[in-house]
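# Architecture at a glance
If you want the building blocks of each chain, they are given just below.
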Amino acid sequence: MSEKTVLSMRNISKHFPGVLALDNVDFQLEVGEVHVLLGENGAGKSTLMKILSGAYSKDNGQIFLDGNEIDIRDPKHAIELGIGTIYQEFNLVPFFSAAENIFLGREFKTSAGTINWKKMYEEGKKAINLVGLNSSPRKRVRNMTVAEKQLIEIAKALSLNSRILIFDEPTATLSEKDVDHLFKLIRSLKAEGKSIVYISHRMEEIRSIGDRCTVLRDGKYIDTVRIKDTTRNDLIRMIAGRTVDLSKKCLVEPMEEVVLEVKGLEAPPKVKEVSFDLRKGEILGFAGLVGSGRTEVMKAIVGEIKKTRGTVVFENETINPRHPCEALRKGIVYLSEDRKDEGLVLKMNVRHNISLGNLKSICRRGFLSDKKDRKLARKYIQDLQIKCPGDRGRAENLSGGNQQKLVISRSLASNSKLFIFDEPTRGIDVGAKEEIYCILQRLAREGFGIIVISSELPELLRICNRIVVMREGKVTAILDNSDLSQDEVLNHAMGE
Ligand code: ADP
Ligand code: MG
């Protein structure tokens, strides 16, 4: 440990049900450095930082602050110790003003014990100016842009005297100008001797702002390096590790016929001139960093967001759906990332969730036929091996993997030709993931066109025929997957 070390985490381990999120990880932070935490999705970066910010407790290991061992009890305690976190999902109260948010829980009081608004706004103004924001301390958070909210979070952390500031993917949702401003701020904080942990995947950012970098992979510590002494390719190699086991690749041969052709699709601000095609029986992967525009491409295709240019040809017909329902009627199913929000009616039972997709065929003279309804549910429960204690149980009581299967079965019950899956295995355990892959491949064999957006590269490399890589709204490569490696995909996704 050098004398510049302010924080040291040693042999940190953390289990979650079914995963070892951190396996004996070491991490050292120096005074006045920007330390980048790097690693693929699921590598354990956020978990390590949540332990530091008191949101999670560690199973094993030790944490030292200024050489003294500390036990971080909860988020409040972490803040008292000078550890501030700027969360991606902000922790601000929308209806409160900037000043109220900054001093939440420690409002300035008058001698009579009421809130001293004059002082609140004065101090609020100072705190806001410190992060280079010119807006009023009275402005309500709900009227702020993402960038403003983030700066308010930083102002709050600074006013709490944080010496260590943790940024977890702070720029994923910021515009270029806001990123510039944030970087200026981070550089000045660094010059004042603050220590900054910075999680990001964006290569140009990492190299412009970072001093050192620690790489995690699959919950394990890989290495800590000085960024300016390390090439971009070396970093990518450390993140990706060995190339993927090619023997695990399992590709289904697609048919000749094209089912979807997208040309010059534009949907500002996120989608810029995207073109690709998809054959029947093909699984087409979409890789890219969070915020690269993958989801927006799909939403523009199904009409959930407005496209301003380009054509979408589906089954030899130019289509222009104004709403996902219209796309669905034509045979395009978009299964969003958020099953809970859009995919399922959680309070409804399993059977009705399945039949929802195909009310027409199971209704007789306008009434729901109980017999047909039951038959349909049985078929899909068996077909997709949905594990449920019968078709009468509520969807909300199923595991994530089984909920996902339920969503799929519902769309199968309709007469679709194209499935778009957005992060189909997020939050699902390994076993259920395997089953979802099998289902996707079965759908491909049956001639459906399949698009899969995933942040887990090994997953795309296993099942996709081709992979479209996106960065900042553009397609940077369309790669044939027959002998593709993770490095190559990351290379196109990370930029610089
Ligand atoms: P990263 O931030 O590097 O993408 P995370 O730290 O979020 O990775 O996740 C590491 C692993 O721990 C992943 O496998 C993830 O699914 C799992 N994980 C993270 N948080 C939880 C949680 N609250 N419950 C269960 N598993 C979790
Ligand atoms: Mg994370």
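Rules and cut-offs
- Residues numbered from 1 in each chain as written.
- Chains lettered and ligands numbered in written order.
- Predicted model: local features only at pLDDT ≥ 70, side-chain atom pairs only at ≥ 80, totals over all residues.
- Heavy atoms only, no water.
- Helix = DSSP H or I, 4+ residues; strand = E, 2+ residues; numbered from the N terminus.
- Rg over C-alpha atoms; globule rule 2.2 N^0.38 Å.
- Buried < 20%, exposed > 50% of the residue type's maximum accessible area, 1.4 Å probe, protein only.
- Contact = heavy atoms within 4.5 Å.
- Salt bridge = Lys/Arg side-chain N within 4 Å of Asp/Glu carboxyl O.
- Near = heavy atom within 4 Å.
- Polar contact = N/O pair within 3.5 Å; in protein donor to acceptor, adjacent residues only side chain to side chain.
- Areas by Shrake-Rupley, 256 points an atom, 1.4 Å probe, with all protein chains shown as cover.
- Nonpolar A, V, L, I, M, F, W, Y, C, P; charged D, E, K, R; others polar.
- Pairing = 2+ DSSP bridges.
- Axes fitted to C-alpha atoms, helices over the stretch in contact; angles between N-to-C directions.
- Domains from an automatic or database assignment.
- Buried area = accessible area lost by both parts, 1.4 Å probe.

A few words on the overall build of the protein. For the protein, the helix and strand inventory stands at 18 helices and 22 strands. Relative to the compact-globule value of 23 Å for 496 residues, the protein shows a C-alpha radius of gyration of 25 Å, a close match. With respect to the three principal axes, the spread of C-alpha positions in the protein is 75 × 55 × 45 Å. Among the 496 residues that make up the protein, the fraction classed as buried is 53%. Of the contacts formed within the protein by residues at least 6 apart in sequence, a portion of 66% connects residues at least 24 apart.

Oppositely charged side chains are able to pair whenever their charged atoms sit close together. All told, the structure shown has 25 salt bridges when counted by the stated rule. The closest approach of N and O atoms between Arg237 and Asp234, which form a salt bridge, is 3.2 Å. With Arg237 and Asp234 both in helix α8 (residues 232-240) and three residues apart, the pair spans about one turn of that helix. With a shortest N-O distance of 3.5 Å, Glu446 and Arg442 are connected by a salt bridge. A residue is classified by how much of its surface remains accessible, and Arg442, at 27% relative accessible area, is partly exposed. Among the charged side chains, a network of salt bridges with common partners joins Lys4, Glu30, Glu33 and Arg212.

Within the element layout of this structure, Arg374 appears in helix α14 (residues 370-383). Separated by 250 residues in the primary sequence, Arg374 and Gly124 have C-alpha atoms spaced 61 Å apart. Those residues in contact with Arg374 that lie beyond four places of it in its chain are Arg351 and Asp391.

As a further point, take the site of ligand 1. Around ligand 1, the neighbouring residues are Phe16, Val19, Ala21, Glu40, Asn41, Gly42, Ala43, Gly44, Lys45, Ser46, Thr47 and Tyr56. Within the backbone of Ala43, one N or O atom sits 3.1 Å away from an oxygen atom of ligand 1. In this structure, Thr47 approaches ligand 1 through a side-chain N or O atom, which is 2.5 Å from an oxygen atom. Taken by itself ligand 1 offers 560 Å² of open surface, and the protein chains cover 64% of this. Broken down by secondary-structure element, the contributors of at least two residues to the shell around ligand 1 are β2 (19-30) and α1 (45-52). Of all the elements, α1 adds the most residues to the shell around ligand 1, at three residues. Per-class residue counts for the shell around ligand 1 are five nonpolar, five polar and two charged.

Right, let's get into helix α9 (residues 294-302). Most of α9 sits inside the fold, with seven of its nine residues counted as buried. Buried within α9 are the following residues: Arg294, Thr295, Val297, Met298, Ala300, Ile301 and Val302. Gly303 sits one or two residues past α9 and shows a positive phi near 85 degrees.

A word on the sheet that holds strand β14 (residues 309-314). Adjacent strands of a sheet form backbone hydrogen bonds with each other and so pair up, either parallel or antiparallel. Strand order in the open sheet formed by four strands is β12-β11-β14-β15, with antiparallel pairing between adjacent strands. The open sheet has two free edges, formed respectively by β12 (271-279) and β15 (317-319), since each of these has just one partner strand. For this sheet the average axis-to-axis angle between neighbouring strands, irrespective of direction, equals 20 degrees. Here strand β11 (residues 258-267) runs beside β12; their pairing, made up of six bridges, is antiparallel. When the bridges of β12 are listed, Glu261 appears paired with Asp277. In the packing of α9 onto the sheet, the strands contacted are β11, β12 and β14, and the crossing angle to β11 comes to about 110 degrees.

With that settled, the discussion passes to the domain arrangement of the protein. Split by domain assignment, the protein resolves into domain 1 (5-240) and domain 2 (258-493). Distance between the C-alpha centres of domain 1 and domain 2: 34 Å. Listed per partner, the contact involves 12 residues of domain 1 and 12 residues of domain 2. Sorting the residues of domain 1 by area buried against domain 2 places Glu40, Asn41 and Ile236 first, and these three jointly supply 38% of that buried surface. Connecting domain 1 to domain 2 are zero salt bridges. Scanning the region where domain 1 abuts domain 2 turns up one residue pair in polar contact (both at pLDDT 80 or more).

Our next topic: the sheet that holds strand β20 (residues 449-453). One open sheet accounts for six strands, arranged β16-β19-β20-β13-β21-β22; its pairing is mixed. Among the strands making up the open sheet, the edge pair consists of β16 (332-335) and β22 (474-480). Geometrically, the sheet is characterised by an average inter-axis angle of 15 degrees between neighbouring strands, direction not taken into account. As judged from the four bridges shared by strand β13 (residues 283-288) and β20, these two strands associate in the parallel manner. Each residue of the ladder has a partner; that of Ile283, found in β20, is Ile450. Each of β16 and β19 (418-422) touches helix α15 (residues 400-412); the most contacted strand, β16, lies at about 165 degrees to it.

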